Amino acid sequence: MPASLDELVTLLDLEPLEVGLFRGGQPEGSSLKRVFGGQVAAQAVTAAQLTVPEDRHIHSLHAYFLLGGDPSIPIVYDVENVRDGGSFTTRRIAARQHGENIFYMTASFQRTEDGFDHQDVMPQVPSPEESVPLLDVIRQVRPQEVESWKREWSSFDLRYIGDNRPADDPTRATVPAVQRLWFRADGTLPASRIIHTAAFVYISDFSLLGVALLPHGELISSPRVQPASLDHTIWFHRPISADEWLLYDQTSPSASGARGLSTARVFAEDGTLVATVAQEGLIRRVTPRD
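Here the residue numbering is sequential within each chain, running from 1 through the sequence in written order. Only residues with pLDDT of at least 70 are given local features in this predicted model, and only at 80 or more are side-chain atom pairs given and counted; all residues enter the totals for whole chains, interfaces and linings. Excluded from the side-chain calculation are hydrogens and water; included are all heavy atoms of the structure.

What to know about the pattern of salt bridges
Should a side-chain nitrogen of Lys or Arg be within 4 Å of a carboxyl oxygen of Asp or Glu, the pair is scored as a salt bridge. A full pass over the atoms with the stated rule returns 13 salt bridges. With a shortest N-O distance of 3.1 Å, Asp78 and Arg96 are connected by a salt bridge. Taken as a pair, Asp78 in strand β4 (residues 75-84) and Arg96 in strand β5 (residues 88-97) lie far apart in primary sequence, 18 residues in all. Accessible area is worked out with a 1.4 Å probe on protein chains only. A residue is then buried under 20% of its type maximum, exposed over 50%, and partly exposed in between. Here Asp78 falls in the partly exposed class, since its relative accessible area comes to 27%. The network of salt bridges with common partners includes Asp120, Arg180, Asp249 and Arg265. Helix and strand definitions follow DSSP, with helices as H or I runs of at least four residues and strands as E runs of at least two, each counted in order from the N terminus.

What follows is the structure, given as C-alpha cells:
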C-alpha cells in the first residue's frame, strides 16, 4: 500500500502502452500478500476516465474481483470502448496479470444535465475533529500492528466514529450493523477530477466488508474468517473532493451463504450526499486447526 499521498498519486499515474491499453505500477515496501482491491479498482477507473471526453462525468461503476493480484508485478488495464452515445459513454475494463484476468469493471459516464434533485439527510454524528483517529483505535486494540498500519494506510486520514455493537444502541432493533467513519486524503490532491474520483474509489474498499461481521463479533483480520471482496459498485451522485472530509455511513443488511453484503452512503461534511457504495464479499467461517 502507498505510505503517503504522493505515493498514491504516483500509483494512479498510469503508463499508456497503446490506445486503450495502460500499465499500473505497484507500491514499494508493502507487506500485503495480494494487491489491495481498492488499488485495482482505482487504477481501472483511472484508465477508463483517460478514454472518455472531459465533459463526461462518471455516474456508476460495477466491478468484480476475479483473482488475487500479484503485488510483485505491474497490472495491465485493457479498456474496451463499449459505447459513445449522445448522453452516456460506457467502458469495460479488464485488469490482467500473468496472462489472466484478475478484475473486471464496467463504468458509465454522463454529460452534465439538469433534472430532479433530492437526497437522504446526513445522520447526526460527531465532527471529524471530535472523532478518534483510527490509528489510535488500532494502537489500543492491536498495538503490534501500529507500524504496519502507518506503512500501509498513511495516504488517508481516517477518523473512527463508532458502530452499533453496544447492547443499548437503539439502531440494533432494526439494523443489524452500522459503522461510521470520516476519511479524506492526507494532504491536497491535484486539481483533477480523474485523481479525486480514483482516490475515492481506492479508499471506498477500505472498511466496507468488515461491517458484515459486526453482528457476529468478528474482525476482518480474525483467523476464524476467510475474507475476500467479490464485487464492488459505486453510484456517483454529485462531485467528490477526496481531500475534504467524507462521512462513510456503512450498514450490512444481510449475511448468508458465506457471503456478506455491505452498503454505504457517503456524505460531504456539509451534508451533501455524494455517492452510494455497495459490496458483497466472502466471509467464510474458518475452524482453526489445533
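Points about the side chain of Gln250
The residue Gln250 is located in strand β11 (residues 246-256) in this model. A relative accessible area of 0% places Gln250 in the buried class. The contacts of Gln250, once residues within four sequence positions are left out, are Ala177, Val178, Gln179, Arg180, Leu181, Ser207, Leu208, Val211, Thr263 and Ala264. The criterion used for residue contact is that any of the two residues' heavy atoms lie within 4.5 Å.

Section: the confidence of the model for the chain
Values of pLDDT, ranging from 0 to 100, describe the predictor's confidence in every residue of the model. Considering every residue of the chain, the mean pLDDT works out to 92; 97% of them sit at 70 or more. Looking over the chain, one finds the lowest element-wise mean pLDDT in helix α4 (residues 146-153), namely 74, and the highest in β5, namely 98.

Examining unusual backbone geometry
One non-glycine residue with positive phi stands out, namely His98, at about 50°. The exposure class of His98 is exposed, given its relative accessible area of 60%. In the Ramachandran plot, Ala258 falls in the positive-phi region, its phi being about 70° despite a non-glycine side chain.

Observations concerning the UniProt feature "domain: Acyl-CoA thioesterase-like N-terminal HotDog" (unreviewed entry) in the chain
UniProt positions are given in the numbering used here, feature names are shortened, and annotations may be inferred rather than shown by experiment. The residues that UniProt annotates with the feature "domain: Acyl-CoA thioesterase-like N-terminal HotDog" (unreviewed entry) are residues 34-110. From the first C-alpha to the last, residues 34-110 spans 33 Å; its make-up is 17% helix and 53% strand.

Re the environment of Ser108
Position of Ser108 relative to the elements: it lies in strand β6 (residues 100-111). The class for Ser108 is buried, based on a relative accessible area of 14%. As for Ser108 and Ala48, which are separated by 60 residues in sequence, their C-alpha atoms are 9.3 Å apart. Ignoring sequence-local partners within four residues, the contact set of Ser108 consists of His57, Ile58, His59, Ser60, Phe88, Thr89 and Thr90. Polar contacts involving the side chain of Ser108 include one to the side chain of His59, which spans 2.7 Å. In protein, a polar contact means a hydrogen-donor-capable atom and an acceptor-capable atom, both N or O and within 3.5 Å, with residues adjacent in sequence counting only if both atoms are side-chain atoms; elsewhere, any N or O pair within 3.5 Å suffices.

Examining the packing of helix α3 (residues 134-141) against α4
To define axes, lines are fitted to C-alpha atoms, for helices over the stretch in contact only, and angles between the resulting N-to-C directions are given on a 0 to 180 degree scale. Here α3 crosses α4 at 155°, and the two axes come no closer than 9 Å. In terms of their interaxial angle, α3 and α4 are classed as roughly antiparallel. By crossing handedness, the relation of α3 to α4 is classed as right-handed. Between α3 and α4, the residues in contact are Leu134, Leu135, Ile138 and Arg139 and Val146, Trp149 and Lys150, respectively. Following the grouping adopted for this structure description, the nonpolar residues are Ala, Val, Leu, Ile, Met, Phe, Trp, Tyr, Cys and Pro, the charged ones are Asp, Glu, Lys and Arg, and the polar ones are all others, Gly among them. The class makeup of the residues in the contact of α3 with α4 is five nonpolar, no polar and two charged. In this scheme, roughly parallel covers angles under 35 degrees and roughly antiparallel covers those over 145, while 65 to 115 is roughly perpendicular and the rest are oblique. Take the far helix as the reference: if the near one is turned anticlockwise from it by less than a right angle, the crossing is left-handed, and if turned clockwise, right-handed.

Observations regarding a nonpolar patch on the surface
Patch construction takes residues with relative accessible area above 30% that form no salt bridge. Like charges are linked within 9 Å, and nonpolar side chains (Val, Leu, Ile, Met, Phe, Trp, Tyr) are linked within 5 Å. To be clear on the numbers: accessible area is Shrake-Rupley with a 1.4 Å probe, and residue cover counts the displayed protein chains and nothing else. Together, Tyr64, Leu66, Leu67 and Tyr104 line one region of the surface with nonpolar side chains, adding up to about 380 Å² of accessible area. Examined against the element boundaries, Leu66 turns out to sit in the loop between β3 (56-65) and β4. Look at Leu66 and you get partly exposed, because its relative accessible area is 40%.

Re the pairing of β11
Here the rule is simple: two strands pair whenever DSSP picks up at least two bridges between them. As paired elements, strand β9 (residues 178-185) and β11 share six bridges and run antiparallel to each other. Within β11, the residue paired with Arg180 across the bridge is Asp249. The sheet contact formed by β11 and strand β12 (residues 259-268) spans nine bridges and is antiparallel. Its bridge partner lying in β12, Gln250 is registered against Ala264. What sits between β11 and β12 in their antiparallel hairpin is a turn of two residues, with Gly257 showing a positive phi close to 60°.

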